[in-house]
Structure formats: structure tokens, C-alpha cells
Amino acid sequence: MITDKTTDYSKGLSPLSELTDDYQNSKITNTSEFSMNEKLFLGKIALFGEDDLFFEKISNKLNISLPTTPNTTANNEKITALWLSKKEWLLVVNPSIDTEEVRSLQNHISDIHALALDVSDRWTAINVSGKKAIDVLSKGTAIDLDNSVFGSGACAQTTLWTVNVIIYQIDEKPTFDIFVDSTMAKFLWQWLEHSSKEYVYE
Amino acid sequence: MLVPCPWCGERDESEFSFGGEAHLERPEDSCSDKEWTEYIFMRKNIKGEQKERWIHINGCRQWFNAVRNTTTNSFLQTSKPGKNYTDIKTNDN
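A brief structural summary. Please read all numbers here as calculations on a predicted model, not as lab measurements.

1. Looking at the overall build of chain A
Thought 1: When its secondary structure is counted, chain A shows 6 helices and 10 strands.
Thought 2: For 202 residues, the compact-globule formula gives about 17 Å, and the C-alpha radius of gyration of chain A, at 18 Å, lands near that figure.
Thought 3: Its C-alpha atoms give chain A principal-axis dimensions of about 55 × 45 × 30 Å.
Thought 4: Across the 202 residues of chain A, 49% fall into the buried class.
Thought 5: Across chain A, the fraction of contacts at a sequence separation of at least 24, relative to all contacts at a separation of at least 6, is 61%.

Here you go:
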């Protein structure tokens, strides 16, 4: 649904463009309590593999050690690697990644049992922050997001109000990135907006 | 209820799916129809502590084995596939 609003779509239309515009223009009283926005067009790579050579090759190519402890992350200046399972990671590349770079990574691991897939468009990221961020998220997930349990650098695949998400905590303000399927993003955004009303609106 | 995933730790039960009785052994191809029927359909359905398969479907998507008390619906132990349980007596062994 594209309306006549003066939105800059020169970079393309993101899954949440329409909703984020309305949200930013609406009456928000205190953004230090809770704020959210969509992180546009981050590059994302699904990475699968398990043998020693795989870890070595990835480390050489990307200059990052993939985390092997469940629900942890590793990062360098450009890439964040999120542990998804014992043989699966999500690489989030900021600001984005082009097809050639992914192809180059695929070629680099093509001789071993491993896979790198460009999934940039499968997920979108909702950035959630503020003093009440944990209170809002806790309305939809049973995971204990308190800093003493979850904390900066932790990630978890779970459901947030029935939507499958990956929650990644960036810092202890706290700030979270919530990766959600592009097709479900609108549903989750609306839930977040509704759940945060008590902290955001007058 | 919280289920202890061997990888992710304790998570809400809504993230998991039940996979039936664990450690069923597939019979040889030359088995009788009766043996095959036993393998496909018949389950012990124990009242008490039972070994089961579970999958963390909305999390790390890994299968694991669990000992669950079917009366109290509590998990006594979970283990990664291929790993042995620590010494525990269940009603099916």
C-alpha cells in the first residue's frame, strides 16, 4: 500500500516503511523510555557448517571467530555473527553486502560441506531501545532479558508474541535488534507499538 | 513450564515440539508384518518416567532426548543425541 506521502523510496521499499513513517510522526512524549525504528537494508548471510576446516576458512576470510557457545555473538568492525545452532550462524553485515561478496564467500567454502546464503531480504531488523525496552519485550517472550541473565552480546531465537524472531542485545542501555521475517514484520511492529503505548504516549 | 534445551538452556514449553518415544529401533527389511506394525504404531505410553524425543522447533531447531515424567509433566533430564543419560532409572528400563 503506497500512499502519496513524501517518503524517499529511492533506496527501495523496506517491509516497514509505511508504518515507521506514521510512528515517527505520531505523538511520542518520551523516547528515553522506549523507542523503536527499523534498521534498513542490513546485509545478512545464513552460514552453515561444522568441521574444523570450516571454522578456519571463515576465520581467515572474514577475520571473525564464529561463536560456538549457544546464544552468544562475536563481532568485528563490519560483521556480527549470531549463534543460531551448533552448525548455523547468522552474519549481519553493516551497512550491507553485495552479491559479489556473498559469492566470493560461497566460493571460498565450496570445497567443504558448508553453505553461505544471502538472506538479506528474508529478515528485517527492528531496533528497540530505552529504559522500558525489556518490560515491553517481556510481555511477549518468556526469556529472561534482564542484564544479569541476558546482557550485552547475547542472542536468542525465540517467539515474540507468536512471531519467530532472533533477539540480539547490542548494549546495556538496553538496545536490542529484533530480526523478524519480512512477511511478519508488520504484525510484530503493530504489537510492539501497542505494547509500548503506556510508556510512549501521553 | 520450562524445558531445558541441552544447547539453549531453559526455555518456555511453547518453543518445543514433542517427537514421541525415543530409542525405537528400526527392524530389518526382512521383518514380519507384525514386527513392522509394532515399530510403526505401537508405543509404550508409560505412566511415569519415559524417554522421549523433543525438538526445540522455535529455537535452535535441534532434536534431543529427554526423560519426562508423564504423570507430573516434569522434565528430569535432557541430553544431546548420541550422548548417554547420566545414571537414571526410568519405568521403561
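2. Brief notes about the packing of aromatic side chains
Thought 1: For the structure shown, the criterion picks out 8 aromatic pairs over all chains.
Thought 2: On the basis of an interplanar angle of 70 degrees and a centroid distance of 5.4 Å, the ring pair of Phe 54 of chain A and Phe 55 of chain A is categorised as edge-to-face.
Thought 3: We classify Phe 55 of chain A as partly exposed; its relative accessible area is 24%.
Thought 4: Plain terms: the ring middles of Phe 55 of chain A and Trp 89 of chain A are 5.5 Å apart, the flat faces sit at 90 degrees to each other, and that makes the pair edge-to-face. Within this pair, whereas Phe 55 of chain A is found in helix H2 (residues 52-62), its partner Trp 89 of chain A is found in strand E5 (residues 88-93), the two being separated by 34 residues in sequence.
Thought 5: Chaining the aromatic ring pairs together yields one cluster made of Phe 54, Phe 55 and Trp 89 of chain A.
Thought 6: One cation-aromatic arrangement involves Arg 53 of chain B over Trp 63 of chain B; the distance from NZ or CZ to the ring centre is 4.4 Å.
Thought 7: Sitting over the ring of Phe 18 of chain B, Arg 68 of chain B keeps its end group 5.7 Å from the ring centre.

Rules used throughout
- Residues numbered from 1 in each chain as written.
- Chains lettered and ligands numbered in written order.
- Predicted model: local features only at pLDDT ≥ 70, side-chain atom pairs only at ≥ 80, totals over all residues.
- Heavy atoms only, no water.
- Helix = DSSP H or I, 4+ residues; strand = E, 2+ residues; numbered from the N terminus.
- Rg over C-alpha atoms; globule rule 2.2 N^0.38 Å.
- Buried < 20%, exposed > 50% of the residue type's maximum accessible area, 1.4 Å probe, protein only.
- Contact = heavy atoms within 4.5 Å.
- Phe/Tyr/Trp six-rings, centres within 6.5 Å; stacked < 30°, edge-to-face > 60°.
- Lys NZ or Arg CZ within 6 Å of the ring centre and 35° of its normal.

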